[in-house]
Number of protein chains: 2
Amino acid sequence: MTKLTDVARAAGVSIATVSRVLNNPGSVNAATQQKVEQAIRSLNYRPSRVAQRLRSKGGNSKIIGLVLPDIQNPFYVDVIRGVEEAMYEQGYAAIMCNFAQNEDKERLYLDILQSESIDGLIVAPVHGRDQKVVNLVLSGLPIICIDRGLTGVDVDVVLVDNHQGAFDAVSHLIKLGHRRIAFISGLPQIPTSKARLGGYEAAFREHGLAIDESYIKYGDSKHESGLRLSAELLDLPTPPTALFTGNNLITLGALETIHRRGVKIPEEIALVGFDDMYWSISLNPPLTAVRQPGFEMGHRAAELLFQRIKDPGRPTVKVVFDAALQVRSSCGAATAALKDN
Amino acid sequence: MTKLTDVARAAGVSIATVSRVLNNPGSVNAATQQKVEQAIRSLNYRPSRVAQRLRSKGGNSKIIGLVLPDIQNPFYVDVIRGVEEAMYEQGYAAIMCNFAQNEDKERLYLDILQSESIDGLIVAPVHGRDQKVVNLVLSGLPIICIDRGLTGVDVDVVLVDNHQGAFDAVSHLIKLGHRRIAFISGLPQIPTSKARLGGYEAAFREHGLAIDESYIKYGDSKHESGLRLSAELLDLPTPPTALFTGNNLITLGALETIHRRGVKIPEEIALVGFDDMYWSISLNPPLTAVRQPGFEMGHRAAELLFQRIKDPGRPTVKVVFDAALQVRSSCGAATAALKDN
DNA sequence: TAATGGCATGAAAACGTTTTCAAGAGGTAA
DNA sequence: TTACCTCTTGAAAACGTTTTCATGCCATTA
């Protein structure tokens, strides 16, 4: 790798001058600048980002961390794409870490990121009082929380209105005449699970209905829990007539169980999922789902992070996106809804 | 951040000794070792990976690059998971870059990775003679190519037998009696597209059938080309009776078009896709597809990379995984296949 | 006792940048 | 002429490690 010294020698100047040409063009004599730029080009010089990071700690190393719970979940893939697009525009790179809902793994990755001297961090904390993340916030590292907030500390947050999304989904089922509506939740300690459960309950209250706890199941936000818990629900003496699933992996698991058992959707059971996918329309049947704008959320989070890196003192903001119910044919009114799409 | 100096002062030794305790335990007096370890713990010291990288170039910075064409493609998500699991076991971290089939973006990311002084690289080159990657290989950086090889240079490769996978898929359709079998290919310059086209053609030859070029369409390996090119195929005067799609995003696009038009699968058109997904069974209808073991491939690629980092001189290897046809109900024999699942 | 060798440790250089400080050149005003 | 700016540049320190080399001490051997 060619380095500053090589360029300096080639151009007949000192390394300080080369550095100035790179970082502060205009602060140097025009003729010298020419010579140096020529040398940089002909040697195909690229500065070592490692040395840059070591020397000038904080704020201009152009690398950030992105720490997410589950890369297998298409929602987070959308978030990644949004973050990545914004970063590409600014010449940043991300160290991407998938901690698979495992707090130990999250901790390890956060340690690594810290010792990589990142400029900032976008993270979906493993739960609401994630001490490791809280400490990082307090240490002054620019941080944006995405999808999930953090209690007890002032931090920027980008998320979706999970309560309202769940409320709309369950209300939709209630309006279709359903009363035995089951809910398969993700991990109960995750803030989004709590909010979605809250929306579910609020919809029942709103319509003056009582909640039957036996229709609420708690899983781990993965495919397998959808598979298993939907089976448990179908095995109840009086099984539910409708099912609301807490995220897209649970939805796919439930769908698989329902199909394997030959249960008809929506005739025998209606299904609404949290999280839409662009191929939800190709599922059997086309899935009614609550859409989270993952790409936009990721993009917005990255923008907020850049702002905070530039101006660490700016007041924190909380950005809440709407969750929109996409009505397709998996819960009654089948033919009518299909035409809309 | 606490640093080596702080630990040294607390333990009453020099920084060299602390470094030795960290990297070469046993090379130091037992009592001193105790003192130093105590100081490290009480100060919660973690070495700066940036300084480590700067100091000792090559081989022990514990960070690698992972450069893939499309994170939206579930196959690559599986690859990422496989790589990530292997790396986690070894205490490595990855800088993940998604170049979205864009050669400029790939080049930028490779530049960034190089100037991050990574220990090694796992990459799916944008095409077979990707000069940037070739140069990196020649420069001696440990590199594993995944999913796609590189012509004209000796490099480790992990991929799937695309030719055989496509051959099996198309043979399956031929055996079911289909003759007008269309193929929607991904970007033609990508090695995998070429191999899959080769398998398609070989299946025709094998059965003594002629190929009708008008049934072969070239797209860009994304959802949109599946959407559009399947429409073109359905609009032909004599539309195909079967469709073989070149990757999973194309499959989903085609599926969407077919559904929107109300064309029945498999009665009016049979469908086989390259790339399986764990939720293929929940599609409408359950999809017959060629399965690539993405997770295993990623894991294996990471292992090969660790080997090469340790022993840069070892001979290169080419690991070829089998592509297995998963028969479901999207191409005839519908009810029989469903029972198997 | 003197010389030799091994062991534990510390001082200092190096990695490739950025940035501060000083200094030389050239011009202008008193 | 002297003093004082301004403009441009270079020397050197600093970032936090790893590693080489030197040093001092103690034990062993002649």
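Since we're looking at a predicted model, the values are computed, not measured.

S.K.: Which residues make up the relation of the copies chain B and chain A, and what are the values?
M.R.: The operation relating the two chain copies consists of a rotation about an axis and a shift along that axis. Under the fitted operation, chain B is carried onto chain A by 0.1 Å of movement along the axis and a turn of 180°, and the coordinates agree to an RMSD of 0.1 Å. What the superposition gives is, in effect, a two-fold axis relating one chain to the other.

S.K.: Would you mind going over the packing of aromatic side chains in detail, with residue names and values included?
M.R.: Using the criterion set out here, one finds 15 aromatic pairs over all chains in the structure. Between A:Tyr92 and A:Phe306 the ring centres are 4.8 Å apart and the planes differ by 45°, which places this aromatic pair in the tilted class. In this pair, A:Tyr92 sits in the loop between α5 (74–89) and β2 (93–98) while A:Phe306 sits in helix α12 (residues 294–310), placing the two residues 214 residues apart along the sequence. The pair A:Tyr92 / A:Phe306 is uniform in exposure class, with both members buried. When the ring of B:Tyr200 is compared with that of B:Phe204, the centres are 4.9 Å apart and the planes differ by 45°; the resulting orientation is tilted. Of this pair, B:Tyr200 and B:Phe204 both sit in helix α9 (residues 191–206), 4 residues apart, which is roughly one turn of the helix.

S.K.: Quick rundown of the protein's contact with DNA strand C? Include the residues and the values.
M.R.: For DNA strand C, the set of nearby residues contains 24 residues, the closest of which are A:Ser19, A:Arg55, B:Thr17, B:Arg20 and B:Thr32. Backbone sugar and phosphate groups make up 61% of those atoms of DNA strand C lying within 4 Å of the protein. Contacts to DNA strand C include B:Asn29, whose backbone N or O atom sits 2.9 Å from a phosphate oxygen. Every element with two or more residues in the surface near DNA strand C is listed here: α2 (15–23) and α4 (49–55) of chain A together with α2 (15–23) and α4 (49–55) of chain B.

S.K.: If you had to explain the sheet that holds strand β10 (residues 288–291) of chain A to someone new, which residues and values would you point to?
M.R.: Residues and elements named next belong to chain A. The 6 strands are arranged β7-β6-β8-β9-β10-β12 in an open sheet whose pairing can be described as mixed. The strands lining the two open edges of the sheet, one partner per strand, are β7 (216–218) and β12 (324–326). Each neighbouring strand pair of the sheet contributes to a mean axis angle of 15°, computed without reference to strand direction. Two elements, strand β6 (residues 181–185) and strand β8 (residues 242–245), share 4 bridges in a ladder whose sense is parallel. Note that in β8 the partner of Ile 184 across the bridge is Thr 245.

S.K.: Summarise the interface of chain B and chain A; cite the residues concerned and give the values.
M.R.: The interface of chain B with chain A comprises 48 residues on the first partner and 48 residues on the second. The contact between chain B and chain A buries some 4700 Å² in all, and 60% of this surface belongs to carbon and sulfur atoms. Among the residues of chain B in contact with chain A, B:Val50, B:Tyr88 and B:Tyr278 are the three that bury the most area, contributing 14% of the side total. Scanning the region where chain B abuts chain A turns up 8 salt bridges. Here A:Glu116 ties to B:Arg49 by a salt bridge, and the two come within 2.9 Å at their closest N and O atoms.

S.K.: Pulling in residues and values, what's your account of the protein's contact with DNA strand D?
M.R.: If you check the shell around DNA strand D, you find 24 residues, and the closest are A:Thr17, A:Arg20, A:Thr32, B:Ser19 and B:Arg55. Counted by atom, the contact set of DNA strand D within 4 Å of the protein is 60% sugar and phosphate. A distance of 2.9 Å separates a base nitrogen of DNA strand D from a polar side-chain atom of A:Arg55. Residue B:Ser48 places a main-chain N or O atom 3.4 Å away from a phosphate oxygen belonging to DNA strand D. Elements with a minimum of two residues in the surface near DNA strand D: α2 and α4 of chain A together with α2 and α4 of chain B. Considering every element that reaches the surface near DNA strand D, the biggest residue donor is α2(B), with 5 residues. Across the surface near DNA strand D, the residue classes tally to 10 nonpolar, 8 polar and 6 charged.

Calculation notes
Residues numbered from 1 in each chain as written. Chains lettered and ligands numbered in written order. Predicted model: local features only at pLDDT ≥ 70, side-chain atom pairs only at ≥ 80, totals over all residues. Heavy atoms only, no water. Least-squares fit on C-alpha atoms with pLDDT ≥ 70 in both. Phe/Tyr/Trp six-rings, centres within 6.5 Å; stacked < 30°, edge-to-face > 60°. Helix = DSSP H or I, 4+ residues; strand = E, 2+ residues; numbered from the N terminus. Buried < 20%, exposed > 50% of the residue type's maximum accessible area, 1.4 Å probe, protein only. Near = heavy atom within 4 Å. Polar contact = N/O pair within 3.5 Å; in protein donor to acceptor, adjacent residues only side chain to side chain. Pairing = 2+ DSSP bridges. Axes fitted to C-alpha atoms, helices over the stretch in contact; angles between N-to-C directions. Contact = heavy atoms within 4.5 Å. Buried area = accessible area lost by both parts, 1.4 Å probe. Salt bridge = Lys/Arg side-chain N within 4 Å of Asp/Glu carboxyl O. Nonpolar A, V, L, I, M, F, W, Y, C, P; charged D, E, K, R; others polar.

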